[in-house]
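Now for the letters of each chain:
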Amino acid sequence: MLAQTRLRKVVVDSLLHFHGERYLLDGFVVMPNHTHVLVKPLPGMALSDIVGGWKRHSAREIHKVLGRSGALWMEESHDRIVRDAVELRKYRDYILENPQKAGLPVGEYSVELRNVMKTESDGSVIQGACADGGGEGTGCNPVQPTGCKPVLQFPLCEIRDHDDWKKLPGEMVYPGKYVQIEECAYLTPARPETPVHWTVAHRKSAIAVAPITDDGKFILIHQERLPVQRTLWEFPAGQLDDGETHEAILDTVHRELDEEAGCVVAPEGTLTPLGWFFGSQGFTNEHVYLFAAHPVRIVRTPQPVGGEHIGEVRLVTGAELRQMVASHVIQDALTLALFARMAAHGMV
């Protein structure tokens, strides 16, 4: 039943309703026949009352939508205490991986990971609980990171000294507006005492996003790329102009969806972070954050800025996208990386 976006949204809204007032949601996933929730009850609140409230409210609202009555959720839910940092990580990973393990396509589940639970210095969790339950013969369970309403928490790529890596002071030989060229040297794990001299191009990091419509089609843009003298079919992408924070990254995702594809994430939609990749790691430290957005709605024609030119927007099925990759129609690293990451997650 909850494979329907409108019914899943009822459950998500129920979970979020008293967040910050009666409990804190660390994460959740709403799947077609069950939901997982990682929750921290606030003082004076019992987990059983919280879960009961979710069930009553969501059942009432779903029955209104469907024009029916009767039992919706199983009477009993399963819950367990999150005892330490190890268990907390385990449950968060479970939330993230559950839809993929179940083989669910994007659009049949909703997931958010907020990381609000904290641990003491000894590793114990401050008031953590994982509640599981199910609908119509199953239960209530946790989530994977998508969700575009709150600020998503996902790993950031840090280029810095670590372990036996050390960057030595260098000289900026070309301080350009968009690219800066530095002559520098590194000490590496394999060569800890002999500086390795290198030329590095510094560029702002970027995002690339795969917009997916309600019916599972992917939006591609046909964009002129001057350095290679070609017009290429790509997913929307853009540089981070306001720093490399979660907020700046997500703002850039929404901006590029708007400017390059003329679309917005639907109110019930989600953003799924898919990590990052290095496009030319032997030459530059630039890295690109990857996302899938589902569902999106096209609201106007693209309005690219600066020297960009987008001549066409195309909707393609998953099969058509695979064929464009296989037949060398898709040629840019951003789109190929996004395709690979989505394929690995069973999204295409």
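Residues numbered from 1 in each chain as written. Predicted model: local features only at pLDDT ≥ 70, side-chain atom pairs only at ≥ 80, totals over all residues. Heavy atoms only, no water.

A. Quick look at the overall build of the chain. Of the regular secondary structure elements, the chain holds 6 helices and 15 strands. In the chain, the proportion of contacts linking residues at least 24 apart, taken out of those at least 6 apart, comes to 67%. Accessible surface computed for the chain: about 17,200 Å², of which carbon and sulfur atoms make up 52%. (Helix = DSSP H or I, 4+ residues; strand = E, 2+ residues; numbered from the N terminus. Contact = heavy atoms within 4.5 Å. Areas by Shrake-Rupley, 256 points an atom, 1.4 Å probe, with all protein chains shown as cover.)

B. Highlighting the nonpolar core. With 36 residues, the main nonpolar core has Leu220, Phe235, Leu290, Leu338 and Met342 as its most contacted residues. At the level of secondary structure, the elements contributing two or more residues to this core comprise helix H3 (85–101), strand S4 (110–113), strand S9 (206–211), strand S10 (218–225), strand S13 (263–278), strand S14 (287–298), helix H5 (318–326) and helix H6 (333–344). Setting aside residues up to four positions removed in sequence, leucine 220 forms contacts with Trp233, Glu234, Phe235, Glu312, Val313, Arg314, Val316, Leu321, Met324 and Ile330. Grouped together as the second largest cluster of nonpolar side chains are 21 residues, Val12, Val30, Ile50 and Trp73 included. (Core = buried A, V, L, I, M, F, W, Y, C linked by side-chain atoms within 4.5 Å. Buried < 20%, exposed > 50% of the residue type's maximum accessible area, 1.4 Å probe, protein only.)

C. Highlighting the pairing of S4. What you see with S4 is no split at all: Ser110 and Glu112 on one side and Val111 and Leu113 on the other are buried throughout. In terms of strand pairing, strand S1 (residues 23–30) meets S4 through 4 bridges, oriented antiparallel. Among the inter-strand pairings, valine 29 is bridged to a residue of S4, identified as valine 111. (Pairing = 2+ DSSP bridges.)

D. Spatial organisation of the sheet that holds strand S6 (residues 166–175). Strand order in the open sheet formed by 3 strands is S6-S7-S8, and the pairing between neighbours is antiparallel. Of all the strands in the sheet, the pair left with one neighbour each is S6 and strand S8 (196–202). Across the sheet, the axes of successive neighbouring strands diverge by a mean angle of 25 degrees, strand direction being ignored. Pairing of strand S7 (residues 180–187) with S8 involves 7 bridges; the strand directions are antiparallel. (Axes fitted to C-alpha atoms, helices over the stretch in contact; angles between N-to-C directions.)

E. Seen up close, the sheet that holds strand S12 (residues 237–239). Spatially, the 4 strands line up as an open sheet ordered S12-S9-S14-S13, and their pairing is mixed. Each edge of the sheet is formed by a strand with only one pairing partner; in this case those strands are S12 and S13. Strand-to-strand, the axes of this sheet are offset by a mean angle of 25 degrees, without reference to chain direction. The pairing of S9 with S12 spans 3 bridges and is antiparallel. Looking at S12, one finds that alanine 208 is bridged to alanine 237. Set on the sheet, H6 makes contact with S9, S12, S13 and S14; between it and S13 the angle comes to about 100 degrees.

F. Representation of the pattern of salt bridges. This model, assessed by the stated rule, comprises 14 salt bridges. Its salt-bridge partner being glutamate 61, residue lysine 64 comes within 3.4 Å of it at the nearest N-O pair. Taken as a pair, lysine 64 and glutamate 61 lie in helix H2 (residues 47–66) at a separation of 3 residues, close to a single helical turn. Looking at glutamate 61, the relative accessible area reads 23%, which means it is partly exposed. Among the salt bridges present, the one from glutamate 158 reaches arginine 160, with a minimum N-O distance of 3.7 Å. Linked through salt bridges whose partners overlap, the residues forming this network are Lys204, Asp241, Arg255 and Glu256. (Salt bridge = Lys/Arg side-chain N within 4 Å of Asp/Glu carboxyl O.)

G. Region of interest: helix H4 (residues 246–261). Over its 16 residues, H4 runs 22 Å from end to end, which matches the ideal 22 Å to within 8%, given 1.5 Å per residue. For H4, the full list of buried residues reads His246, Ala248, Ile249, Leu250, Thr252, Val253, Glu256, Leu257, Glu259, Glu260 and Ala261. Residues of H4 that are buried sit in contact with S9, S10, S12, S13, S14 and strand S15 (310–316). Just past H4, the residue glycine 262 takes up positive phi, approximately 65 degrees. (Expected span 1.5 Å × (residues − 1).)

H. Layout of the side chain of serine 205. Here serine 205 is to be found in the loop between S8 and S9. Within polar-contact distance, the side chain of serine 205 engages the side chain of histidine 287 at 3.0 Å. What serine 205 contacts, discounting residues up to four positions off in sequence, is Gln239, Leu240, Glu244, Glu286 and His287. (Polar contact = N/O pair within 3.5 Å; in protein donor to acceptor, adjacent residues only side chain to side chain.)

I. Spotlight on the packing of aromatic side chains. Within this structure, the stated rule accounts for 5 aromatic pairs. Against the face of phenylalanine 18 rests arginine 22, its NZ or CZ located 3.6 Å from the ring centre. If you follow lysine 90 out to its NZ or CZ, it ends over the ring of tyrosine 91, 4.8 Å from the centre. (Phe/Tyr/Trp six-rings, centres within 6.5 Å; stacked < 30°, edge-to-face > 60°. Lys NZ or Arg CZ within 6 Å of the ring centre and 35° of its normal.)

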